[in-house]
Amino acid sequence: MAEVAPFRAVRYDEATAGPLDALVAPPYDVISPEQRVSYLARSPYNVVHLTLPDDERDSARLWADWLAGGVLVRDDTPTVWALSQDYVGPDGVQRTRNGLVASLRVEPYERRVVLPHERTHRGPKEGRLRLLRAVRAQLEPILLLHDGPPVKLPGRAPDLEVEGARLWRVDDGVLDGFEERQLLIADGHHRYETALAFHEENGTETTAWLMVVFVSTRDEGLTIFPTHRLAERLGAPLDLRAEDPRALLRDAGSNGDEQGRVVVYRAGGAAVVEGDGLDVEVVETLGPEGVSYTPSLDEAIEAVDRGRAEAALLVRPPRIEQVFAAARAGKVMPQKTTYFYPKLVSGLLFLPL
């Protein structure tokens, strides 16, 4: 049974910290070194000072100073929030994704309350655990999916608004029924597992909770986009033809059957490789080495054309029901199988532990 609850959020006081658009940022794991410098320069109170510090002790000091100085304030009462995000996807289509922000009691995966769908790596979890130990606050929410009804937004002005994101305080009754639902981690596997590890270390009631955005699988704005692979080396010999990789990917159609299809592009040619499972699982059978990732089809092709990669492995996005079915079957897929868009905004709400 999933245990969800409202929480007393810590938030920026714009009267002291300045306008919210100078304070928020994307999640830590999608910010490049150059972008980090830019966000740090926006404001001495930008959230990236907390989420991507030079040293975790810097984050802990700033967190304490900002609370003491009124830059951050804590709500008097526990609250559930409705969240709406307007966005234009990589396909150029405008959409809106809606969800609920609440706290979730962390549970080990074997209890089958929260389901993962991607593998994680030790390095990122170690860094996030050091940060969590130092600050003792959940600085960024993770994204979870459920099969319940989509959220209904209030018909009034939002309580917070910035960069296409809007937040409303809503009644706790919106959480009714969550105890019967399985939850799928869409984005935030490393942070979820870090929260579990931190709670196992501390064993306190406050450390048992994680800040989460719940989005229904029926929400019209919920989308998955592909994450293409770039390989420094590709061992598999292939019969390449002088074809347009974009056309081959387009002709592969949607990822709607059990047949995986990957378009392999090398300098001078392209080929379609088929296999069982999702496209990203077919990629692994090709033995790529030195793999990096990009959601941009143009960037993937350009990397080969400019000699920055030997091969681009172009994939289609999996369907949401495929991902949920695999997770329910206990199947863990390769890293970056999914690219849920848009990323959540960091800096709107914090959960102190």
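Cut-offs and rules
Residues numbered from 1 in each chain as written. Predicted model: local features only at pLDDT ≥ 70, side-chain atom pairs only at ≥ 80, totals over all residues. Heavy atoms only, no water. Buried < 20%, exposed > 50% of the residue type's maximum accessible area, 1.4 Å probe, protein only. Helix = DSSP H or I, 4+ residues; strand = E, 2+ residues; numbered from the N terminus. Pairing = 2+ DSSP bridges. Core = buried A, V, L, I, M, F, W, Y, C linked by side-chain atoms within 4.5 Å. Contact = heavy atoms within 4.5 Å. Salt bridge = Lys/Arg side-chain N within 4 Å of Asp/Glu carboxyl O. Axes fitted to C-alpha atoms, helices over the stretch in contact; angles between N-to-C directions.

**Notes on the pairing of strand β5 (residues 94–105)**
Working step 1: With 10 of 12 residues buried, β5 lies mostly within the body of the structure.
Working step 2: Both strand β1 (residues 4–5) and β5 contribute to a ladder of two bridges, which runs antiparallel. Following the sheet pairing, Val4 is matched in β5 by Leu104.
Working step 3: Sheet topology note: the strand β4 (residues 80–88)/β5 ladder contains eight bridges and is antiparallel. Across the sheet, residue Asp86 finds its bridge partner in β5, namely Thr96.
Working step 4: The antiparallel pairing of β4 with β5 creates a hairpin that spans five residues between the two strands, and Gly92 there sits at a positive phi of about 85 degrees.
Working step 5: Relative to strand β12 (residues 209–216), β5 runs antiparallel, the two sharing six bridges. Bridged to Ala102 within β12 is Val212.

**Structural notes on the nonpolar core**
Working step 1: Core analysis: the biggest nonpolar cluster contains 64 residues, and Tyr12, Trp63, Val101, Leu145, Leu348, Leu349 and Phe350 have the highest contact counts within it.
Working step 2: Element by element, the count of residues in this core is highest for helix α10 (residues 320–328), at five residues.
Working step 3: Discounting chain neighbours no more than four positions away, the residues touching Tyr12 are Ala17, Leu20, Leu23, Tyr45, Asn46, Val47, Trp66, Val71, Leu72, Gly347 and Phe350.
Working step 4: By size, the runner-up hydrophobic cluster in this structure holds 26 residues, among which are Ala2, Val106, Val151 and Phe178.

**Some words on the pattern of salt bridges**
For side chains of opposite charge, pairing can occur when their charged atoms come near one another.
Working step 1: Under the criterion given, the structure shown has 29 salt bridges.
Working step 2: When the shortest N-O distance is used, the salt bridge between Arg316 and Asp279 registers 2.9 Å. In this pair, Arg316 is assigned in the loop between β18 (311–314) and α10 and Asp279 in helix α8 (residues 279–285), connecting sequence segments 37 residues apart. Here Arg316 and Asp279 have matching classes, each one buried.
Working step 3: Between Glu302 and Arg306 there is a salt bridge, with its nearest N and O atoms 2.6 Å apart.
Working step 4: In this structure Glu302 comes out as partly exposed when scored by relative accessible area, which is 31%.
Working step 5: In this structure, a network of salt bridges that share partners links the residues Glu3, Arg105 and Glu205.

**Looking at the sheet that holds strand β17 (residues 288–294)**
Think of a sheet as strands paired side by side through backbone hydrogen bonds, with each pair either parallel or antiparallel.
Working step 1: Strand order in the open sheet formed by five strands is β16-β15-β18-β14-β17, with antiparallel pairing between adjacent strands. At either margin of the open sheet sits one strand with a lone partner, and together these are β16 (269–276) and β17. Within the sheet, the average angular offset between the axes of one strand and its neighbour, ignoring direction, is 25 degrees.
Working step 2: Taken together, the eight bridges between strand β15 (residues 259–266) and β16 define a ladder with antiparallel strand orientation. Within the sheet, the bridge partner assigned to Arg261 lies in β16 and is Glu274.
Working step 3: Strand contacts of helix α9 (residues 297–305): β14 (228–234), β15, β17 and β18, with the helix running at about 160 degrees to β18, the strand carrying the most contacts.

**Concerning unusual backbone geometry**
Working step 1: Here the residue pair Tyr341 and Pro342 is connected by a cis peptide bond, since its omega of 5 degrees sits within 30 degrees of zero.
Working step 2: Here Lys336, not a glycine, exhibits a phi torsion of approximately 60 degrees, which is positive.
Working step 3: Within the secondary structure, Lys336 sits in the loop between α10 and β19 (339–341).
Working step 4: Residue class for Lys336 comes out partly exposed when judged on its relative accessible area of 33%.

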